[in-house]
Amino acid sequence: MRKMLAAVSRVLSGVAQKPASRVLVASRNFANDATFEIKKCDLHRLEEGPPVTTVLTREDGLKYYRMMQTVRRMELKADQLYKQKIIRGFCHLCDGQEACCVGLEAGINPTDHLITAYRAHGFTFTRGLSVRAILAELTGRRGGCAKGKGGSMHMYAKNFYGGNGIVGAQGQIFEAYNMAALWKLPCIFICENNRYGMGTSVERAAASTDYYKRGDFIPGLRVDGMDILCVREATRFAAAYCRSGKGPILMELQTYRYHGHSMSDPGVSYRTREEIQEVRSKSDPIMLLKDRMVNSNLASVEELKEIDVDVRKEIEDAAQFATADPEPPLEELGYHIYCSDPPFEVRGANQWIKFKSIS
Amino acid sequence: MAATAAAAVTAGRLLRLRAAGAEGHWRRLRGAGLPRGFLQPASADGDAAQRRQVAHFTFQPDPEPLEYGQTQKMNLFQAVTSALDNSLAKDPTAVIFGEDVAFGGVFRCTVGLRDKYGKDRVFNTPLCEQGIVGFGIGIAVTGATAIAEIQFADYIFPAFDQIVNEAAKYRYRSGDLFNCGSLTIRSPWGCVGHGALYHSQSPEAFFAHCPGIKVVIPRSPFQAKGLLLSCIEDKNPCIFFEPKILYRAAVEQVPIEPYNIPLSQAEVIQEGSDVTLVAWGTQVHVIREVASMAHEKLGVSCEVIDLRTIIPWDVDTVCKEECFLNLEAPISRVCGYDTPFPHIFEPFYIPDKWKCYDALRKMINY
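Residues numbered from 1 in each chain as written. Chains lettered and ligands numbered in written order. Predicted model: local features only at pLDDT ≥ 70, side-chain atom pairs only at ≥ 80, totals over all residues. Heavy atoms only, no water.

In the annotation of an unreviewed UniProt entry, the entry for chain B reads 3-methyl-2-oxobutanoate dehydrogenase (2-methylpropanoyl-transferring), and the organism field reads Monodon monoceros. On record in UniProt, under Catalytic activity (unreviewed entry), the comment for chain B is "N(6)-[(R)-lipoyl]-L-lysyl-[protein] + 3-methyl-2-oxobutanoate + H(+) = N(6)-[(R)-S(8)-2-methylpropanoyldihydrolipoyl]-L-lysyl-[protein] + CO2". UniProt's Cofactor (unreviewed entry) comment on chain B is quoted here verbatim: "thiamine diphosphate". (UniProt positions renumbered as here; feature names shortened; annotations may be inferred.)

Taking an unreviewed UniProt entry as the reference, chain A is identified by name as Pyruvate dehydrogenase E1 subunit alpha 1 belonging to Monodon monoceros. UniProt, in the comment section headed Cofactor (unreviewed entry), describes chain A in these words: "thiamine diphosphate".

Here it is in structure tokens:
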């Protein structure tokens, strides 16, 4: 008996000693795709909405997971750098809202145009800029996407018009709704409803919190913004609506941000830690995608962990670069004010200080 | 409305002058409009009967330009139409939009353009200045040449945020990745005799401290067409203010073909050696008259400069560096009072040629 037990244990320990989980991965058969049910969207002035089931392929799933994880880690790294005073100024983080930016990108083409407000790091990444360029812009260095002059709120890329620090008050939105509807412009208006406007909860700020209905004559959808597949399907639906020439449409993404409004806002003076914790444990977008993929055999836990490790490394490298890259030279203070040829002189703080402005 | 003369004329003095005039004067003021000046003889009762608007300036046309080809007699609004016509013909991405531009505009600056170029290129917007400029910025960023009209300069303030915070800073904040340089905003500007608070304003000063935009004001049809074409072709967002009182009053020979007058270059209309008078828009004609009055009555030689571009302005033409040490009298400004632009008091508010002449006299005697 003991001999048999010893033999069995030898075999078992031999199996356990097999090198790297790569071998395990290769030997598993993953499903190619899986069908998931998603929440039905609330509709305004629409007969039918996006589908309630969707197919996620393994490839897409891994891609979305990686992108969301990158955005999450990038935001957390930005938080860290800010607390170390390497990033200064304004910094509005979007961790918790990853499903919005990644899901949106999944539903549109790279040739479509996107413009957003100040919580823009996630969109900057999904629109194609590297984490290096983003972090370097946050730290205000030459390698940044706006050469270090724009900072957190002014990042731009091809077909991505920012990143805007100044944002429209309600009046401007309604003017835009009117013009878009009047001229049937193919425009999706998106409200990332994270339940708070800075420090004011939506119940205290809005006479009607059904933002997807606020377009009035513009049809709208209310979407679960923590579920990336829901966001993707809704975006596809909205994009198809616009492309068919029917005019503008509104999308309200119900989402949540874990951080405060900006780095100077602790985020707990107007909401409870329990609330944040609850959202994190029940509706975290990355966790939801991971659970779905693992449970339907689209990926394994180890594989996803590997992606995590890889992403962490990428972010670490980017942070290194962002910290080490030199700042733009002082001469650039005057650049690009005007497009001017030949360069002209910009008045400085007193009459003997002059900057050259080239463009 | 500024010119270099003293702002020392007080409201009190004006009231005394007014009371000293005959009763006929006062009745004439109330009924008909602007007097040519306070020193007009009361026997001009023929004017009272006619009740015509009499302006505070006399438009002085420039000689016919010969270097740009065939010319045609045009007033200011026709010169603007001609410039817009040239732009839409040359540049297939050019579009004109604003309130009521489709039928020709409230000042007829866009007459005929919609018929000629189609409703996709000349179209009306809803009543939303902020939306007009915001929309203009958007299409300029995508590469179209956007020519926006704000119906009166007085209405530009809802769009102030868009102009100052968005348009002016677009290139700078994106590190030259994007820009809205192909945006031009045109707007009727300045006093017109009966405009009162909201149809007479000259808001260029509010924009004069905003790096990133250019503000241009012409004095005549010939200047207007050349400067407007330069603004449209300039790769920076420009605001072009058109003195509305000159729309019909200013008539000149203007070339039919497109031509450019450079921005940020002031024009020395008349050279002089004793006093420099600087103005822009309608006021240039006032100071031209002041210059000839000064020459006749005081034997003073005035240099008359039309600034043309308010920002970035031509510092070198107006004053050489460190000129302060060489001035023999302090610089003066003659402008409207620190009140909102009045309705019934407009004749007293305008910095007319007498106020400017008075300031000039004080400077000479300093």
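Turning our eyes to something else, we now look at the overall build of chain B. Check the secondary structure of chain B and you find 15 helices and twelve strands. Looking at chain B residue by residue over its 366 residues, the buried ones come to 57%. When the accessible surface of chain B is split by element, carbon and sulfur atoms take 55% of a total near 15900 Å². (Helix = DSSP H or I, 4+ residues; strand = E, 2+ residues; numbered from the N terminus. Buried < 20%, exposed > 50% of the residue type's maximum accessible area, 1.4 Å probe, protein only. Areas by Shrake-Rupley, 256 points an atom, 1.4 Å probe, with all protein chains shown as cover.)

The next subject is the pattern of salt bridges. Note that side chains of opposite charge can pair when their charged atoms are close. Residues and elements named next belong to chain B. The full count for this structure, using the stated rule, is 34 salt bridges over all chains. One salt bridge connects Asp85 with Lys116, and the closest N-O pair in it is separated by 2.9 Å. With a gap of 31 residues between them, Asp85 in helix H4 (residues 76-90) and Lys116 in helix H5 (residues 113-117) connect regions that are remote in the sequence. Among the charged side chains, a network of salt bridges with common partners joins Asp62, Arg219, Glu267, Arg288, Asp306 and Arg308. (Salt bridge = Lys/Arg side-chain N within 4 Å of Asp/Glu carboxyl O.)

Among the nonpolar cores identified, the biggest contains 67 residues, and Leu56(A), Leu135(A), Leu221(A), Val223(A), Ile228(A), Met251(A) and Leu289(A) are the most heavily contacted of them. The residues contacting Leu221(A), other than those within four sequence positions of it, are Cys41(A), Asp42(A), Leu43(A), Leu46(A), Pro50(A), Tyr212(A), Ala234(A), Phe237(A), Leu250(A), Met251(A) and Glu252(A). Counting 55 residues, the second-largest nonpolar core is a separate cluster that includes Ile96(B), Ile245(B), Tyr247(B) and Leu263(B). (Core = buried A, V, L, I, M, F, W, Y, C linked by side-chain atoms within 4.5 Å. Contact = heavy atoms within 4.5 Å.)

It is worth spelling out helix H12 (residues 301-324) of chain A at this point. All names here are of chain A. Here H12 spans 35 Å end to end across 24 residues, near enough to the 34 Å set by a 1.5 Å rise per residue. The set of residues buried in H12 consists of Glu303, Leu304, Ile307, Asp308, Val311, Ile315, Ala318, Ala319 and Ala322. The secondary structure elements touched by the buried residues of H12 are helix H3 (58-83), helix H6 (131-138) and helix H11 (285-295). (Expected span 1.5 Å × (residues − 1).)

Looking now at the UniProt feature "domain: Transketolase-like pyrimidine-binding" (unreviewed entry) in chain B. Look at the UniProt record and you will see "domain: Transketolase-like pyrimidine-binding" (unreviewed entry) annotated at residues 74-249 of chain B. Overall, residues 74-249 of chain B shows 38% helix and 18% strand. The separation of its end C-alpha atoms is 10 Å.

All names here are of chain A. Between H3 and H6, the shortest axis-to-axis distance is 11 Å and the interhelical angle comes to 25°. As judged from the angle between their axes, H3 and H6 are roughly parallel. The hand of the H3/H6 crossing is right-handed. Listed contacts from H6 to Thr70, Met74, Lys77, Ala78 and Leu81 of H3 are Val131, Ile134, Leu135 and Leu138. (Axes fitted to C-alpha atoms, helices over the stretch in contact; angles between N-to-C directions. Parallel < 35°, antiparallel > 145°, perpendicular 65-115°, else oblique. Left-handed = near helix turned anticlockwise from the far one by under 90°.)

All right, on to the interface of chain A and chain B then. Each side of the interface is counted separately: chain A has 26 residues, and chain B has 34 residues. For the pairing of chain A and chain B, the buried interface totals around 2500 Å² over both sides, and the portion due to carbon and sulfur atoms is 60%. Interface area lost by chain A to chain B is led by Tyr156(A), Tyr338(A) and Cys339(A), which between them contribute 24%. The interface formed by chain A and chain B holds twelve residue pairs in polar contact (both at pLDDT 80 or more) in total. Among the residues making up the side of chain A that touches chain B, the classes are represented as 15 nonpolar, eight polar and three charged. (Buried area = accessible area lost by both parts, 1.4 Å probe. Polar contact = N/O pair within 3.5 Å; in protein donor to acceptor, adjacent residues only side chain to side chain. Nonpolar A, V, L, I, M, F, W, Y, C, P; charged D, E, K, R; others polar.)

In this section: the sheet that holds strand S4 (residues 145-149) of chain B. Residues and elements named next belong to chain B. If you trace the seven strands from one edge of the open sheet to the other, you get S3-S2-S4-S5-S7-S6-S12, paired in mixed fashion. Every other strand in the sheet has two partners, leaving strand S3 (122-124) and strand S12 (309-311) as the edge strands with one partner each. This sheet shows a mean twist of 20° between the axes of neighbouring strands, independent of strand direction. Here strand S6 (residues 214-216) pairs with strand S7 (residues 238-243) via three bridges, running parallel. Bridge pairing in S7 links Lys214 to Cys238. Each of strand S2 (94-98), S3, S4 and strand S5 (183-189) is contacted by helix H6 (residues 129-141), which is oriented at about 170° to S2, the strand it contacts most. Docked against the sheet, helix H10 (residues 221-233) engages S4, S5, S6 and S7, running at close to 160° with respect to S7. (Pairing = 2+ DSSP bridges.)

What UniProt calls "domain: Dehydrogenase E1 component" (unreviewed entry) maps, in this numbering, to residues 169-330 of chain A. Summarising residues 169-330 of chain A: 49% helix, 13% strand, and an end-to-end C-alpha distance of 34 Å.

Here we take up helix H12 (residues 283-298) of chain B. Residue and element names in this part refer to chain B. In this model H12 runs 21 Å from its N-terminal to its C-terminal C-alpha over 16 residues, within 8% of the 22 Å that 1.5 Å per residue would give. Along H12, the positions that sit buried rather than exposed are Gln283, Val284, His285, Val286, Ile287, Arg288, Glu289, Val290, Ala291, Met293 and Ala294. Those residues of H12 that are buried are in contact with helix H11 (246-249), strand S9 (267-270), strand S10 (275-279), strand S11 (302-306) and helix H15 (353-364).

Residue and element names in this part refer to chain A. For His261, the location among the structural elements is in the loop between strand S8 (249-254) and helix H10 (273-283). Separated by 45 residues in the primary sequence, His261 and Glu306 have C-alpha atoms spaced 31 Å apart. With residues up to four places along the chain from it excluded, the contact list for His261 reads His92, Tyr118, Arg119, Met198 and Tyr270.

As a further point, take the confidence of the model for chain B. All names here are of chain B. The predicted model of chain B has a mean per-residue pLDDT of 87, with 84% of residues at 70 or higher. The model gives residues 1-46 a pLDDT under 50, and that stretch makes 87 contacts with residues more than four places away or in other chains. In the predicted assembly, ipTM is 0.80 and pTM is 0.84. (pLDDT = per-residue confidence, 0-100.)

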